[in-house]
Amino acid sequence: MPEVSSAKRSAVAPDFDVVIVGGGLAGLYSIYRFRKMGLNIRAYEAGDGVGGTWFWNRYPGCRCDVESMEYSYSFDDDLQQEWVWPERYGTQPVILEYINHVAKRFDLMRDVQLNTRITQAVFCEKKHLWTITTNNGEQITAPICIMAAGNLSTPRKPDFPGLDNFKGDWYHTGLWPKEGVDFTDKRVGVIGTGSSGVQMMPHIAAQAKHLTVFQRTANFSLPARNAPLDPEKERKHKEEYRERRLAAYNTPFGIAGYPPPDKSALEATEEERRAIYEDKWQEGGSISYLFAYKDLLLNKDANDTASDFVRNKIRATVNDPNTAELLCPDNHPIGTKRLILDSNYYEIFNQSNVKLVDVKSAPIQEITPNGIKTTESEYQLDAIAFATGFDAMTGAIKEIDVRVDGGTTIEEQWDSGPRTYLGLMVAGLPNMFMITGPQSPGVKSQMILSIEWHINWVANCLSYMRDNNHTRVAAEVKAQQQWVDHVREVADSTLYPLANSWYMGANIPGKARVFMPYVAGVEAYTKECNRVTQNGYQGFEFSTNIS
Ligand code: N01
């Protein structure tokens, strides 16, 4: 866009061609990609370092649930050949080290402003220009705004009364102290049994004097089977990296190497099913398990067979039958909430210093000076860790006052759930692109692949605008409505909406219950994006500022 903007600029030139909100994996690749186009850019990051999710989530045991040979950038062949991942799944410190390595190697930090949170973004229809305000009161202008603010970047803890009076320390997994926390000799309470809580608790149970686990909903968790990365496997993967990365776009989750199953779970005998599920259980990982049969996320009866298998594994692992039963999920089909990968989670309930408390039957009433009080009992604690999740997918954008000058905010526009075209743009908010936004496959895919796809798509769109002297692009209302309907229809053809998940906004009181990710898969999505582009950016309208 620079030629266009400079040709049409009024007296005062914009500060930048592109402003990027966020310095995580998406923000950093945006810098790399847009800089290659000769654009003048600046990314704003609230933290005092880059890395996004991997900067903030420093809780013990934090690890990616996508294998490290997949969970990395593909844009530079030397980078992916040279970087060595030590384990099957990357730990938070190693992934953060990788991100910092990328930032340094490609000299990205010179376009990042740290310690700066974007609070407002207002688009001027007359000038085709965003004015972006920071928490320091600084105002910046740019024709293009990239929202790379993350899907799981707005930590939320419930509003239990009394937290201010708690005499111990408390933490949230998504805002964990950099210096770490020593729980030695402490009585620790953890609220929440999603991925963060389940990953963290074996580490706390190994260190603390006592751990009380406050569980509202039992979740399915599979063994990660993490191990040092086999050098031979790594060599072979690297040899095939290019082909694998390309093939990944033709898969549902953006990860190659898992041929789609063609058999229904209901066509197999019980014995066959058990053998297959056992195989997958031993292999570790969630894609493999959910790919055991073609209908596990489509047919409740088929899903029951896979859910029952895991429930039986829990019963076989946990010695106390009452605790085991409480740990068995009973209100959602397996895979409809984010499937957790753990390392010895269920085993901790056989330790004498670990207690499971069911806060569904006896909810938490308040935090007292000495601990947590439920409707049944008070639990004495020295520290509380909230593993209570995030205002997912829409929280980070809605926290910013985003609007067209004189128009309604995005928060108001999304009051009944997010409305986007392709998860990339919002009708009525021109020149603003979301990276892995709601209604794209983002969170249901290998996230870095989806990030690269979106940013490359935006880069091509900006080149198209430059070539055609356009200064404004916006999604059409009709195209957006069709996409919103399509996303819902696809979700409704699956079992996903049966769960009270963060995909549905169900973890945030008052949030609209709308299934937010696009679950037709990466292949279907990227084909649709290509079709739209080939049809002259169908559903997008372009114009040129002639003032
Ligand atoms: O958050 P969650 P998370 N009283 O929303 C409970 C990614 N991630 O941080 O289910 C009592 O999943 C809540 O209970 P319920 C990954 O995509 C990835 O663990 O709402 N409990 C639930 O148990 C993941 O899915 C990795 O009934 C309350 C928990 O808190 C996503 O981040 C690692 C409560 C929140 O679970 C979010 O995971 C970590 C209340 N008032 C995270 N409010 C990996 O890559 C909430 N809860 C492996």
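Residues numbered from 1 in each chain as written. Predicted model: local features only at pLDDT ≥ 70, side-chain atom pairs only at ≥ 80, totals over all residues. Heavy atoms only, no water.

The subject of this paragraph is the overall build of the chain. Of regular secondary structure, the chain possesses 17 helices and 23 strands. In terms of overall dimensions, the chain is globule-like: its C-alpha atoms have a radius of gyration of 24 Å, near the 24 Å expected for 547 residues. With the principal axes as the frame, the chain shows a C-alpha extent of 75 × 55 × 45 Å. Each of the 547 residues in the chain was classed as buried or not, and the buried ones make up 58%. Long-range contacts, defined as pairs at least 24 residues apart, comprise 72% of the intrachain contacts of the chain with a sequence gap of at least 6. Accessible surface computed for the chain: about 22,500 Å², of which carbon and sulfur atoms make up 47%. Treating the 57 positive side-chain charges of the chain as one cloud and the 68 negative ones as another, the clouds have centres 2 Å apart. (Helix = DSSP H or I, 4+ residues; strand = E, 2+ residues; numbered from the N terminus. Rg over C-alpha atoms; globule rule 2.2 N^0.38 Å. Buried < 20%, exposed > 50% of the residue type's maximum accessible area, 1.4 Å probe, protein only. Contact = heavy atoms within 4.5 Å. Areas by Shrake-Rupley, 256 points an atom, 1.4 Å probe, with all protein chains shown as cover. Lys, Arg positive; Asp, Glu negative; His and termini not counted. Charge placed at Lys NZ, Arg CZ, Asp CG, Glu CD.)

With that settled, consider the site of the ligand. Lining the immediate environment of the ligand, one finds 24 residues, of which Ser-196, Gln-199, Arg-216, Thr-217 and Trp-502 sit closest. Here Ala-387 contributes a backbone N or O atom positioned 3.3 Å from an oxygen atom of the ligand. Here the ligand loses 89% of its free accessible area of 910 Å² to cover by the protein chains. At the level of elements, β3 (63–67) and α6 (195–207) are the ones that each hand at least two residues to the shell around the ligand. Partitioning the shell around the ligand into residue classes produces nine nonpolar, ten polar and five charged. Both of domain 1 (6–154 + 392–541) and domain 2 (163–386) provide at least three residues apiece to the shell around the ligand. (Near = heavy atom within 4 Å. Polar contact = N/O pair within 3.5 Å; in protein donor to acceptor, adjacent residues only side chain to side chain. Nonpolar A, V, L, I, M, F, W, Y, C, P; charged D, E, K, R; others polar. Domains from an automatic or database assignment.)

Bringing the pattern of salt bridges into the picture now. Oppositely charged side chains may form a pair once their charged atoms are brought near each other. Counted by the stated rule, this structure contains 30 salt bridges. A salt bridge links Glu-399 to Arg-156, with the nearest nitrogen and oxygen atoms 3.4 Å apart. Taken together, the residues span a long stretch of sequence, with Glu-399 in the loop between α13 (395–398) and β20 (401–404) and Arg-156 in the loop between β9 (144–147) and β10 (169–172) at a distance of 243 residues. The exposure class assigned to Arg-156 is partly exposed, which follows from its relative accessible area of 30%. (Salt bridge = Lys/Arg side-chain N within 4 Å of Asp/Glu carboxyl O.)

Attention shifts here to the sheet that holds strand β16 (residues 364–368). Within a beta sheet, neighbouring strands are joined by backbone hydrogen bonds and run either parallel or antiparallel to one another. Strands sit in the order β16-β17-β18 across an open sheet of three strands; the sheet is antiparallel. Each end of this open sheet is capped by a strand with a single partner; those strands are β16 and β18 (378–380). If you compare each strand with its neighbour and ignore which way they point, the axes differ by 20° on average. As paired strands, strand β17 (residues 371–374) and β18 are joined by three bridges and run antiparallel to one another. Residue pairing for β18: Ile-372 is matched across the bridge by Tyr-379. (Pairing = 2+ DSSP bridges. Axes fitted to C-alpha atoms, helices over the stretch in contact; angles between N-to-C directions.)

A word on the confidence of the model for the chain. On average, residues of the chain score 96 in pLDDT, and 98% of them reach the 70 mark or higher. In the model, residues 2–10 has pLDDT below 50 throughout and makes 19 contacts with residues more than four positions away in sequence or in other chains. (pLDDT = per-residue confidence, 0-100.)

Of the two faces of β9, both are covered, the one formed by Ile-144 and Ile-146 as well as the one formed by Cys-145 and Met-147. Bridge count between strand β1 (residues 18–21) and β9: four bridges; the pairing is parallel. Residue pairing across strands places Ile-20 opposite Ile-146, the latter belonging to β9. When β9 meets strand β21 (residues 432–434), the two strands line up parallel, connected through three bridges. Within the sheet, the bridge partner assigned to Ile-146 lies in β21 and is Phe-433.

Now for the nonpolar core. Ranked by size, the top nonpolar core spans 140 residues in total, and within it Phe-34, Tyr-73, Ile-146, Phe-433, Leu-462 and Phe-540 carry the most contacts. Each of domain 1 (6–154 + 392–541) and domain 2 (163–386) gives at least three residues to this core. Apart from residues no more than four positions distant in its own chain, Ile-146 is found in contact with Val-18, Val-19, Ile-20, Val-21, Ser-30, Phe-34, Phe-433, Ile-435 and Val-458. Residues Ile-118, Ala-121, Ile-410 and Met-434 belong to the second largest nonpolar core, which totals 23 residues. (Core = buried A, V, L, I, M, F, W, Y, C linked by side-chain atoms within 4.5 Å.)

Side-chain alternation along strand β19 (residues 383–386) places Ala-383 and Ala-385 on one buried face and Ile-384 and Phe-386 on a second face that is also buried. Direction of pairing for strand β11 (residues 187–191) relative to β19: parallel, over a ladder of four bridges. Across the sheet, residue Val-188 finds its bridge partner in β19, namely Ala-383.

Once that is clear, we can look at the packing of helix α15 (residues 447–467) against helix α17 (residues 522–534). Relative to each other, α15 and α17 sit at 5°, their axes nearing to 12 Å. Relative to α17, α15 is oriented roughly parallel. Contacts from Leu-449, Trp-453, His-454 and Trp-457 of α15 reach α17 at Val-522, Tyr-525, Thr-526, Cys-529, Asn-530 and Thr-533. (Parallel < 35°, antiparallel > 145°, perpendicular 65-115°, else oblique.)

Split into domains, the chain comes out as domain 1 (6–154 + 392–541) and domain 2 (163–386). For domain 1 and domain 2, the distance between their C-alpha centres works out to 28 Å. Taken residue by residue, the interface counts 50 residues in domain 1 and 53 residues in domain 2. For the domain 1 and domain 2 pair, buried surface summed over both sides reaches about 4,500 Å², with 51% attributable to carbon and sulfur atoms. Its largest share of buried area at the contact with domain 2, domain 1 owes to Met-69, Arg-88 and Leu-495, together 17% of the area lost on that side. The partner of Arg-242 in a salt bridge is Asp-77, with the nearest N and O atoms 3.4 Å apart. The tally of links between domain 1 and domain 2 comes to 27 residue pairs in polar contact (both at pLDDT 80 or more). Broken down by secondary-structure element, the contributors of at least two residues to the side of domain 1 that touches domain 2 are α3 (53–56), β3, α4 (77–82), α15 and α17. Across the side of domain 1 that touches domain 2, the residue classes tally to 23 nonpolar, 14 polar and 13 charged. (Buried area = accessible area lost by both parts, 1.4 Å probe.)

A few words on the sheet that holds strand β7 (residues 129–134). Here we have four strands laid out as an open sheet, ordered β8-β7-β6-β20, and mixed in their pairing. Among the strands making up the open sheet, the edge pair consists of β8 (139–142) and β20. Neighbouring strand axes in the sheet, compared pairwise and without regard to direction, differ in orientation by 15° on average.

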